[in-house]
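Inside the fold
This is what each chain is made of:
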Amino acid sequence: MLKNDSRDEGTAYGRPEQHHDAELTEVGPGTPCGEFMRRYWHPIAIADKVGPVPQMARVLGEDLVLFRDRKGRPGLLYPRCAHRGTTLYYGRVEDEGIRCCYHGWLFGVQGQCLDQPCEPDGGRHKDRVRQPWYPVEEMYGLIWAYMGPPEKKPVLTRWSSLENLKPTEKIYVTGSSTGAGGDDTVEVVPTNWLNDWENIMDPFHIPILHTTFSTVQFVPEMGVMPEVTWEHADHGMRYIAYRKLDDGREMDRVTQALFPHVRIVPDVRLTDGPAAGVGWVLPVDDTHFRLFHARRVPQDFKPVEVRNYNGRKWSELNDEEHQRFPGDWEAQVGQGAISLHSEENLVTSDQGVVQLRRLLRRQIEIVRDGGDPIGITFDPAQAVVTVQAGNFFRKK
Ligand code: FES
Ligand SMILES: [Fe+2]
């Protein structure tokens, strides 16, 4: 007979049902986090890729149609035509807007109904119809959308690292999953946005996942276990990871996670100086996100293909190679469509993740209570955020 103390303990049998933290992760209309998100502007597309052919854009769980009218103005409309509901995806873009394919109603970029060709006089009552729309702006080579209450529309935040370009500089934008461990062949990452955003406050995965687990994905110096402090900062949080390198040099690597989903990660090859770019983790819906990055570069900058995996691209790896060389994609998508937060065991090195979630929950509460969350301003003079992230080598 087996004694009690020799029974198998901790088996997977009969384990309790686990769940995700819906308040922090779900972004659809009317959800607590979704309402919080709808107080900010979001990058939704690369401006150069938006032209007269309508495209679908899924943002915060809403399907929308995005186009640029023949006068160059971007428009973001609810796709079901206000007449009898066919999709404007099959519409035709004209000088003044987009014309529905079914009965030809024409809508401007702010949803105004401008023509109803089957009606007497082109529609005597067309002013009574409005196609639902969202405000959009163009900045840094990106199209930005505001999907919240009109009376709460803030000014569009600008970033010090992307301002005051010299004539020899330009901004380079990307919208692929490269920064999330995938590559330029993929746009949408199939997991919840928070998996990626909170990863920015997790400096301890760098010496493991990116440096010693399989291959050196960035530089060998990242293998030194850092001493980390996490701090609240304007608009969000930052961490300072101190490393004493084998050659005696000492450095502080400062990384920022700012609201609602901004990531400012300094050069992973440890180039000395401030971070040249800013990234955004756009929640596509509850189980997908998309990354946008804007970076200040010289005018003659040519992007180099990322070949972090023994000289190969992420999309060239087979299944077994993904197992042997996992990166951010594998780790984050591996957490599931939405991570099961109830079964986590958070420890000392997760302090940044815990603080960020606490700060996020607080902002969600502020919005629910009728307030304005962190980083929101209605004053154009306050629009620029000073970037603090960078790799800073200490002077001897
Ligand atoms: S359904 Fe669009 S014009 Fe009729
Ligand atoms: Fe990472």
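Residues numbered from 1 in each chain as written. Chains lettered and ligands numbered in written order. Predicted model: local features only at pLDDT ≥ 70, side-chain atom pairs only at ≥ 80, totals over all residues. Heavy atoms only, no water.

**Topic: the nonpolar core**
As a reminder, the rule being used: For our purposes a nonpolar core is just a set of buried Ala, Val, Leu, Ile, Met, Phe, Trp, Tyr and Cys residues, chained together by side-chain atoms within 4.5 Å. Exposure categories follow from relative accessible area, calculated using a 1.4 Å probe and restricted to protein chains: below 20% of the type maximum is buried, above 50% is exposed, and the middle band is partly exposed. Where each domain begins and ends is defined by an automated method or by a domain database. Whether two residues are in contact is decided by their heavy atoms: any pair within 4.5 Å suffices.
Counting residues in hydrophobic clusters, the biggest one holds 80 residues, and the most contacted among them are F36, W159, W193, I264 and W280. Both domain 1 (41–137) and domain 2 (154–393) contribute no fewer than three residues apiece to this core. Those residues in contact with I264 that sit more than four places away from it in its chain are W159, T255, Q256, L258, A275, G277, V278, V387 and A389. If you look at the next biggest cluster of nonpolar residues, it comprises 13 residues, including F67, L77, L88 and V93.

**Brief notes about the pairing of strand β3 (residues 62–68)**
The test is simple: Only DSSP runs of H or I with at least four residues qualify as helices, and only runs of E with at least two residues qualify as strands; both kinds are numbered from the N terminus onward. Note on pairing: DSSP must find at least two bridges between two strands before they are called paired.
Along β3, 6 of the 7 residues are buried, which leaves the element largely enclosed by surrounding structure. Note that strand β2 (residues 55–59) and β3 share 5 bridges and pair antiparallel. Looking at the pairing, A57 lines up with L64 of β3. Between the end of β2 and the start of β3, which pair antiparallel, lie 2 residues, with L60 showing a positive phi angle near 50 degrees. As judged from the 4 bridges shared by β3 and strand β4 (residues 74–77), these two strands associate in the antiparallel manner.

**What about the sheet that holds strand β9 (residues 133–134)?**
The antiparallel open sheet is built from 4 strands, whose spatial order is β2-β3-β4-β9. Each end of this open sheet is capped by a strand with a single partner; those strands are β2 and β9. Of the strand pairs in this sheet, β4 and β9 are connected by 2 bridges, and their pairing is antiparallel. Pairing of L77 across the sheet is with W133, part of β9.

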